[in-house]
Amino acid sequence: MTAIASTASPAHWEPLWHSRRRYRPLCQAEEQLMAEHLGPGEGRPALDIGSGDGGLARHLHHELGYRTTGIDCSPSAITLAAAQDTGPGPTWQCLDIATGDLTTLPDTAYALITCRLVYRWMDDKPGFLSRVRRLLAPGGTFWVVTEIAGRRATTDPALLGLGISPADAELLTAGWSVARTADLDVLRCYALRP
Ligand SMILES: C[S@@+](CC[C@H](N)C(=O)[O-])C[C@H]1O[C@@H](n2cnc3c(N)ncnc32)[C@H](O)[C@@H]1O
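Model, not experiment: these values are computed from the prediction.

Now for the site of the ligand. Close contacts around the ligand come from 21 residues, with Trp-13, Gly-50, Gly-52, Cys-73 and Arg-116 the closest. Those elements giving two or more residues to the shell around the ligand turn out to be helix H3 (55-63) and strand E2 (67-72). Across the shell around the ligand, the residue classes break down as 13 nonpolar, 5 polar and 3 charged.

Structural data, given as structure tokens:
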């Protein structure tokens, strides 16, 4: 019997990055939502979880002014992200958020934690959320961008499976003192505060 790799593991993602798979880049509308919901970083620490080739982490660092660390479980993604820096930029670290040692991160608490097109793939979502809460500074923001199920006009099960279910959305938003949302076509952006 062949074991199926967790969708939150390097075994799942490394071959995709290695085979040049790429994901939806940031657009102006998404950048505008971040400007409205996150505000200026002013040198405070930010952590982008599942940073991929680094577009979001670079935006947080260079445009919003957060001192950003991007982590990803795929070594190829981290190499790709780091190769795009032409000067001082985000810190890149290969780390599995589900199983890795969080004490190896550069900061113990983050004013902003982001997670774009990643939550869907966390197979232990409660475990993932509790690790995020451990790293989020008091008064910090957890920014999640995820596709919502049922928004695509398609019957392709692979595409339909990209969205999170209402139960997963409820789990994501439970227990925060503030939970704001903004919609962007098939995506929903969440600004969550403890
Ligand atoms: C769909 S891609 C999105 C990449 C990037 N956030 C973006 O918006 O383009 C999901 C990313 O999450 C990373 N990932 C998945 N599971 C992870 C884990 N357990 N720890 C860290 N990164 C993970 C993958 O390697 C991949 O780069």
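Structure shown, so let's carry the discussion forward.
Moving on, we come to the nonpolar core. Membership of the largest hydrophobic core comes to 40 residues, with the highest contact counts inside it found for Ala-46, Ile-49, Tyr-110, Leu-112, Ile-113, Phe-142 and Val-144. Only helix H1 (10-18), strand E1 (45-49), H3, helix H4 (75-83), strand E4 (110-116), helix H5 (125-135), strand E5 (136-147) and strand E7 (187-193) provide two or more residues apiece to this core. Beyond its immediate sequence surroundings of up to four residues, Leu-112 is in contact with Leu-38, Ala-46, Tyr-66, Gly-140, Thr-141 and Trp-143.

Moving on, we come to the pairing of E1. Burial analysis of E1 places 5 of its 5 residues in the buried class, the great majority of the element. By the alternation rule, side chains of E1 split into Pro-45, Leu-47 and Ile-49 and Ala-46 and Asp-48, which are all buried. As paired strands, E1 and E2 are joined by 5 bridges and run parallel to one another. Pairing of Asp-48 across the sheet is with Gly-70, part of E2. In terms of handedness, the path from E1 via H3 over to E2 forms a crossover that is right-handed. In this structure, E1 lies alongside E4, joined through 4 bridges in parallel fashion. Looking at E4, one finds that Asp-48 is bridged to Thr-114.

Scoring rules and cut-offs
- Residues numbered from 1 in each chain as written.
- Predicted model: local features only at pLDDT ≥ 70, side-chain atom pairs only at ≥ 80, totals over all residues.
- Near = placed C-beta within 6 Å.
- Helix = DSSP H or I, 4+ residues; strand = E, 2+ residues; numbered from the N terminus.
- Nonpolar A, V, L, I, M, F, W, Y, C, P; charged D, E, K, R; others polar.
- Core = buried A, V, L, I, M, F, W, Y, C linked by C-beta atoms within 7 Å.
- Buried ≥ 20, exposed ≤ 12 C-beta atoms within 10 Å, placed from the backbone.
- Contact = placed C-beta atoms within 7 Å.
- Pairing = 2+ DSSP bridges.
- Right-handed = clockwise from strand over helix to strand, strands pointing away.

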